[in-house]
Amino acid sequence: MTYQREFTKCLRVAMVGIGSHAYRNLLPTLTFLPVKLVAVCNHSNRELAEKTAAQYGCHSYQSTAEMYAKESLDAVFINVAPEAHAQLVKEALAAGLHVFVEKPVAMNANEIRSILTVRGDKVVVVGYKKIFMPAMQKALEICQTEKYGKLESILAVYPMKMPADGQKILVERKRTDWLNNGCHALSVLLAAGGPVESVISLQGRLYNGANIIKFKNGVIGNFHLASGPQPLEDYHFYAAKWHLQIENTTKVILQRGIPSVYGKTTSFLTPGDETGAVVWEAQNCKATLENKAVFVQGVYQEMMYFCDCIINGTKPKLGSLEFALELEKVTEALMLSEGREIKLSTE
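Residues numbered from 1 in each chain as written. Predicted model: local features only at pLDDT ≥ 70, side-chain atom pairs only at ≥ 80, totals over all residues. Heavy atoms only, no water.

Chemist: What am I meant to see in the pattern of salt bridges here?
Modeler: If you walk through the whole model with that rule in mind, you get eight salt bridges. Between Lys70 and Glu66 there is a salt bridge; the shortest N-O distance is 2.7 Å. Of this pair, Lys70 and Glu66 both sit in helix H3 (residues 64-70), four residues apart, which is roughly one turn of the helix. Given a relative accessible area of 56%, Lys70 falls into the exposed group. Between Arg175 and Glu83 there is a salt bridge whose closest N-O contact spans 3.1 Å. With Arg175 in the loop between helix H8 (166-172) and helix H9 (177-193) and Glu83 in helix H4 (residues 82-94), this pair connects stretches of sequence that are 92 residues apart. Residue Glu83 is classed as partly exposed on the basis of its relative accessible area, which comes to 31%. (Salt bridge = Lys/Arg side-chain N within 4 Å of Asp/Glu carboxyl O. Helix = DSSP H or I, 4+ residues; strand = E, 2+ residues; numbered from the N terminus. Buried < 20%, exposed > 50% of the residue type's maximum accessible area, 1.4 Å probe, protein only.)

This is the structure we're talking about:
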């Protein structure tokens, strides 16, 4: 870990949108990134912008256009209402800046396509933090290694309801919890499963149920729409000879199976350490970094990935606009499914 004050090269950045999420998560994470915060911008609240700028020793603005004209910037972090994301991203790209934008990047797939047409050679990363969290990176490592064998199915459990009248919502660009937070579970499913062939949404009268995703490689995903108290989410990855679970984002359990003969084996503990379960869990006994929410939930990792792509001149793969478009196409198809299988377009 390198702290901000220890980096020899820092990007000059601004933050657009300094509400609760930015103040609790994004701004504090800058402490660990190769950046210098030059300015903050908040369109609706001058006092909030000025107070935040004073705290972080930077300039404050209410106009992004003015900020881009007056400041010398390399990149911008955008975190406002999703209705404004697409336009703000395109404005920043037109100003020659690299862009990190919180999820959801836009209100529909067409808006993402419009960003792609003007991206050019700039780095754009979307904040799908769940695919960056350490637990998910471990899951992807297991899924992609030849040692354990091919992934066959995925279960994502997340508290969510399907919105009624999906067609009307899409036409009216209405923001819903499905748009805001359904992408958490969907991003995990797509990161592990790959390109999608088709989807089916099966809903009950209370708009609960299951969303089935058929991936082109034969893997089946199930986004189970759950209700109830914490823990809020649970992920399972299944294969012929192993099963991995991400529990509450802080615990990873890899079940590798126990050799046995039905009716003959007398112990569930076999010799050696090549079978049975392996458990990784956050250390909560120390004031350390790996148990802090911004590290456990992938906030640091997604923001650092963005900075690394800029500094190293590499195109993002995780959280790319292409990934965001695929995810949004799945999101929209599930909203329109109502029990029908919908094949995803290839455009």
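Chemist: Is there a simple way to think about helix H2 (residues 46-56) in this case?
Modeler: Count 3.6 residues to each turn of an α-helix, and residues three or four apart come out pointing the same way. Within H2 the residues assigned to the buried category are Ala49, Thr52 and Ala53. For H2, the angular spread of buried residues about the axis comes to 100°, placing them on one side. Exposed side of H2, more than 90 degrees from the buried face: Glu47, Lys51 and Ala54 are the residues found there. For H2, the N-terminal capping position is held by Asn45, with its side-chain oxygen 3.2 Å away from the main-chain nitrogen of Glu47. At the C-terminal side of H2, Gly57 shows a positive phi close to 65°. (Arc of directions from axis to C-beta. Polar contact = N/O pair within 3.5 Å; in protein donor to acceptor, adjacent residues only side chain to side chain.)

Chemist: Looking at this model, I keep getting lost on the layout of surface pockets. Mind explaining?
Modeler: If a probe the size of a water molecule is rolled over the atoms, the empty space left behind becomes visible. Quantified by volume, the largest pocket comes out at close to 600 Å³. Taken together, 29 residues make up the lining of the largest pocket; nearest its centre are His21, Lys103, Lys129, Asn181 and His184. At the level of secondary structure, the elements contributing two or more residues to the lining of the largest pocket comprise helix H1 (20-29), H4, helix H6 (129-132) and H9. By residue class, the composition of the lining of the largest pocket is seven nonpolar, 14 polar and eight charged. For the second largest pocket, the calculated volume is near 280 Å³. Forming the walls of the second largest pocket are 15 residues, and the residues nearest its centre are Pro134, Ala135, Thr250, Ala282 and Glu290. Residue assignment for the lining of the second largest pocket shows that the elements contributing at least two residues are helix H7 (134-144), strand E13 (251-255), strand E14 (277-281) and helix H10 (293-296). Sorting elements by how many residues they give to the lining of the second largest pocket places H7 first, with three residues. Looking at the lining of the second largest pocket, its residues break down into eight nonpolar, three polar and four charged. (1 Å grid on protein atoms, 1.4 Å probe; cavity = no way out; pocket = protein on both sides within 12 Å on 5 of 7 lines; lining within 4 Å. Points joined across faces, edges and corners; volume = space filled by probe spheres on them. Nonpolar A, V, L, I, M, F, W, Y, C, P; charged D, E, K, R; others polar.)

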